[in-house]
Amino acid sequence: MAILKTRVTHLEMTDRPTAAIPTPASYKLAIMRATRISLPFYRFLYEQVGKPHHWSVHRKLNDEALSAIIHRDNVEIHVLHVDGSPAGFFELVIDQEPGVAEILYFGLIPEFQGRGLAKFFLNEAISTAWMSSPQKVIIETNTLDSPRALQMYQRMGFKPVSFAEAEIETWD
């Protein structure tokens, strides 16, 4: 296992966006909230979306620890299905800090990237986050994520507020 250095960008949005993003018409799409998502399905999504970017926080947790995090009342997990197949997910954490909704995880499985789905799906994540009436919505990205992630977040209305350096274990 190697250690990668990365620059983390913390972003926030303090105003609900007003622009609508059209639904891509080329696919049959469904976004479903996974209430009490099964741990194997969560692990599948987390690995498929996160492995290329070396997501690590939930990777090595045992079932009890993972369940204690993702099955909290203030956590929502929504899954994008494209033509019947899971294509990505976002995980929201509401009011961990008062007045804050955090898009903790967001992404598409690699086979579904480059199809014009990311902006639409991110817009849905943002809209869902604002449904809890927060004062701000936050998200972070780093240099191991998609090279287009930071630009897309900024185009959607997020503003960088701080930066940090981090070291992340590679995915074994």
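Relevant structure appears above.
Note on numbering: residues in each chain are counted from 1, in written sequence order. Local features in this predicted model are restricted to residues whose pLDDT is 70 or higher, and side-chain atom pairs enter the listing and the counts only when it is 80 or higher, whereas totals over whole chains, interfaces and linings include all residues. Side-chain numbers come from the whole structure's heavy atoms, not from hydrogens or water.

(A) Main features of the overall build of the protein. From N to C terminus, the protein includes 4 helices and 7 strands. To qualify as a helix, a DSSP run of H or I must reach at least 4 residues; to qualify as a strand, a run of E must reach at least 2; elements of each kind are numbered from the N terminus. Walking the protein from its N terminus toward its C terminus, one meets helices and strands in the order β-β-α-α-β-β-β-α-β-α-β. Atoms considered for the radius of gyration are the C-alpha atoms alone. The globule rule reads 2.2 Å times the number of residues to the power 0.38. Compactness check: the protein gives a C-alpha radius of gyration of 15 Å against a globular reference of 16 Å for 172 residues, within 12% of the reference. Dimensions along the principal axes, computed over C-alpha positions, put the protein at roughly 45 × 40 × 35 Å. A simple rule labels every residue: compare its accessible area, found with a 1.4 Å probe on the protein chains alone, to the largest value its type can have, and call it buried under 20%, exposed over 50%, or partly exposed in between. The buried share among the 172 residues of the protein stands at 43%. Whether two residues are in contact is decided by their heavy atoms: any pair within 4.5 Å suffices. Counting contacts in the protein only where the partners sit at least 6 residues apart, residues at least 24 apart contribute 73% of the total. Counted as positive: Lys and Arg. Counted as negative: Asp and Glu, with His and the chain ends omitted from the count. A charge is said to be at NZ when it belongs to Lys, at CZ for Arg, at CG for Asp and at CD for Glu. Counting 17 positive and 20 negative side-chain charges, the protein places the averaged centre of each group 5 Å from the other.

(B) Layout of the pattern of salt bridges. One speaks of a salt bridge when a side-chain nitrogen belonging to Lys or Arg is within 4 Å of a carboxyl oxygen belonging to Asp or Glu. Taken as a whole, this structure holds 7 salt bridges when the rule is applied. With its nearest N and O atoms 3.8 Å apart, the salt bridge here joins E76 to R33. Of the two residues, E76 is situated in strand β3 (residues 75–82) and R33 in strand β2 (residues 29–33); the sequence distance between them amounts to 43 residues. The partly exposed category is assigned to R33, whose relative accessible area is 43%.

(C) Layout of unusual backbone geometry. Backbone geometry at D83 places phi at a positive 50°, although glycine is not the residue there. Structurally, the position occupied by D83 is in the loop between β3 and β4 (85–94). Positive phi, normally seen in glycine, also occurs at D95, with a value near 60°.

(D) The sheet that holds strand β7 (residues 159–169), seen in detail. DSSP calls a pair of strands paired once it identifies at least 2 bridges connecting them. Reading across the sheet, the 7 strands line up as β2-β3-β4-β5-β6-β1-β7 and stay open at both edges, with mixed pairing between neighbours. The strands lining the two open edges of the sheet, one partner per strand, are β2 and β7. Adjacent strand axes in the sheet meet at a mean angle of 25° when their direction is disregarded. Across 5 bridges, the pairing between β2 and β3 is antiparallel. Across the sheet, the residue bridging to M32 is V79, located in β3. Axis definition: a line fit to C-alpha positions, over the contact stretch in the case of helices; interaxial angles, taken between N-to-C directions, run 0 to 180 degrees.

(E) Geometry of the layout of surface pockets. Approximately 960 Å³ is the volume found for the largest pocket. Along the wall of the largest pocket there are 44 residues; nearest its centre are W55, F106, E140, D145 and Y153. Counting residues per element, the ones that place at least two in the lining of the largest pocket are α1 (39–50), β5 (100–108), α3 (118–130), β6 (136–142), α4 (149–155) and β7. With 8 residues, β5 is the largest single contributor of residues to the lining of the largest pocket. When residues are sorted by character, Ala, Val, Leu, Ile, Met, Phe, Trp, Tyr, Cys and Pro go into the nonpolar class, Asp, Glu, Lys and Arg into the charged class, and all the rest, Gly among them, into the polar class. Split into classes, the residues belonging to the lining of the largest pocket amount to 23 nonpolar, 12 polar and 9 charged. Cavity and pocket criteria rest on a 1 Å grid covering protein atoms alone: a 1.4 Å probe that fits but cannot get out defines a cavity, protein on both sides within 12 Å along at least 5 of 7 lines defines an open pocket, and an atom within 4 Å of a point defines a lining residue. Grid points are joined across faces, edges and corners, and a volume is the space filled by probe spheres set on the points.

(F) Looking closely at the pairing of β3. Of all the 8 residues making up β3, 8 are buried; the element is thus mostly covered by neighbouring parts of the structure. Where burial is concerned, the two faces of β3 agree: the one with V75, I77, V79 and H81 and the one with E76, H78, L80 and V82 are both buried. Counted between consecutive antiparallel strands, the loop separating β3 from β4 contains 2 residues, among which D83 sits at a positive phi close to 50°.

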